[in-house]
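In case you want the letters, here they are:
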Amino acid sequence: MESLQHIYNTIKTSKNTPTFHGLLVHSLRICGDYPVPNTQQDELLKFLPNLKHLDLRHIKYKDINRIMAESNDTWKSLESLIIQDITTTEPEVATDFIESLKTCRMLRNLEFFTLKRNDPILFNMNHFENLHQNLQLLSSIKAHLALNEDISSTLGTIPDTTPVLSLTSLDIKLGQWDPLWLYYFSYKYPNLHSFKLDVSDMFPGWIHYDQMQVIISHFQSNPNALRHLESFEFITKAIAEWTHLVFWEFICPLRVPVKNLKYKAQRNNGDVQLYAMTLKRFLQSFSETLETLSVDGSAFFDIKRSPTLYLSSHSPFLKDLHIESCGVSLNLDSVLNNCTALKRLRYFGGQLLNNSNTTNQDTEERQNHGLQILELRQVVTSASVLGNISYRCRRLQYMNLSSLSISGFISEISGHLLLDMRHTFFKVLHLAQIKYYSSYKHDVKPAISMTLLSQVNYPSRSDKRNEENYEEADSKSPIISYHKIAWFHTFLDIECKKYTRIGIIQLSEQESSAAMEYYQNFKSRKDSNTIEDDPEKGWKGDLCRGYGEIRCGHVEKYTIPELSTNDKDFWENLYNKLF
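Just so it is clear, the structure is predicted and the values come from calculations on it, not from any experiment.

Rules behind the numbers
- Residues numbered from 1 in each chain as written.
- Predicted model: local features only at pLDDT ≥ 70, side-chain atom pairs only at ≥ 80, totals over all residues.
- Heavy atoms only, no water.
- Phe/Tyr/Trp six-rings, centres within 6.5 Å; stacked < 30°, edge-to-face > 60°.
- Helix = DSSP H or I, 4+ residues; strand = E, 2+ residues; numbered from the N terminus.
- Buried < 20%, exposed > 50% of the residue type's maximum accessible area, 1.4 Å probe, protein only.
- Lys NZ or Arg CZ within 6 Å of the ring centre and 35° of its normal.
- Salt bridge = Lys/Arg side-chain N within 4 Å of Asp/Glu carboxyl O.

This next bit is on the packing of aromatic side chains. Per the counting criterion, the structure on display carries 33 aromatic pairs. Ring centres 5.1 Å apart and planes at 55 degrees place the aromatic pair Trp487 and Tyr547 in the tilted group. Of this pair, Trp487 sits in strand 21 (residues 481-494) while Tyr547 sits in strand 23 (residues 547-555), placing them 60 residues apart in sequence. A ring pair is formed by Tyr575 and Phe579, whose centres lie 5.1 Å apart and whose planes are at 50 degrees; its orientation type is tilted. Taking relative accessible area as the criterion, Tyr575 reaches 10% and is therefore assigned buried. Using a relative accessible area of 41% as the deciding quantity, one classes Phe579 as partly exposed. Looking at Arg377, its charged tip hangs above the ring of Phe348, at a distance of 4.0 Å from the centre. The residue whose ring lies beneath Arg394 is Tyr391, and the NZ or CZ to ring-centre distance is 4.8 Å.

Structure follows, in structure tokens:
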């Protein structure tokens, strides 16, 4: 409050003095839970004549100066407005709110919400009509609403509704609705490019057969609906039949040219088969247009019961695939074979598999897949799968491995499990919580928790990087040597009886030398029974189990969570930065 008072006092004292500071401000966000007096609102906006974007999410709607809203030139020239704290205790709050915006004729982007999750703003068809009569340039709406009107009584008039051609983006969270509202939106907003529908606050349920037939018949009566829709996001409480009306009876039959599709279910209903079916149908229905697909579930992964997802539909334009918490195993070969343009694969919570008979000879003609970003989290996989990725995806440059369980052959002589990724030249490799198991004893604990990161040296080209090596680093290239980059230890930190923390640390140079010396004499230590398994000794107590080696063609940069503070932002923004 003091900072705002200081700004106001500065404006007040400079009213009769020419100043250009206010002309430079185009965006303003007022933060803090305090009211802004009416006089200050008016003076502040008059001081900012070029203001186009105003964020009032922390100011209660009832505290906005209505007289200022009707006469202030800056308010009338706004192009973007955010108001979040709209109380819904008054029955006509929506009507009153729309009336307060009637002077904002230049407004293009509007966001309005309540701060109470279970108390959305009551809206009906008349409210939508009045809103667009006042704001005829509006191109984007984001709101938290309850569509409480019985729309079935007005179905006959919907085809005659006045379309809003300017609106291209609709983002609504609904606390109450009828699927027939989609029928209304298809006529009201024919030029939608982006549509986000969040019904996660509603309880999943079933629709009577007769009612479902009415809904489907009306969906099918407007074959030209949503012809420009490119991005669709759907958020539901749980994966269930009635919510899928949106897809299988509305979006899919229309053959909408969706390029970007997101689906999220927030609660687990125990049926992982539904996730497998949903993923397949998405790829089948939008195979000719889909570029990005994200399916984020809430299912638990059970390695003994989970179905394996084989992608059978060819998706030639799919560039970004995200599968999270769907409780399914994923066949990697089916992904690479059918998604030939894929640039990023994110797979969280499951088992990553190859075809059981896959060999390097089988993939000889497929070794030029363009995958560049791979992120795996809470995944069970094998050394052969990661080796196959390296062999087939020669352009892979960014890999994030977090909470991985990797199985493979462990040498009894050296305690060594090799992940052969010699064909991969990383720009960034992120490692977090990696453990290794024997191919034959995957369920036996404790697991191997030591990791050696290394890179190979190819003859007469040790100074080359990335693209120059893609075609040269094949299985016929002789490896003269390799050098060790760093040693890591995945540990279980027991802080108290109730809480544990899994982490990863990098060993110091001296510790790395000790680890290497230990494994050079691994067999003799084992034969003489001098190997001890003692968790209280930290990484030294885990040496006796063996180690996994990730052997790469080249690693430009590697990170672990403890050494990278902005790691999450890096991986979230990487795809958009590159593509």
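More follows now that the structure is in view.
Here we take up the pattern of salt bridges. Proximity of charged atoms lets side chains of opposite charge pair with each other. The final tally for this structure, using the stated rule, is 17 salt bridges. Taking the shortest distance from any N to any O, the salt bridge between Lys264 and Asp296 comes out at 3.1 Å. With Lys264 in strand 10 (residues 260-267) and Asp296 in strand 11 (residues 292-296), this pair connects stretches of sequence that are 32 residues apart. For Lys264, a relative accessible area of 30% puts it in the partly exposed group. Judged by relative accessible area, Asp296 falls into the buried class, the value being 15%. When the shortest N-O distance is used, the salt bridge between Asp333 and Arg392 registers 3.3 Å.

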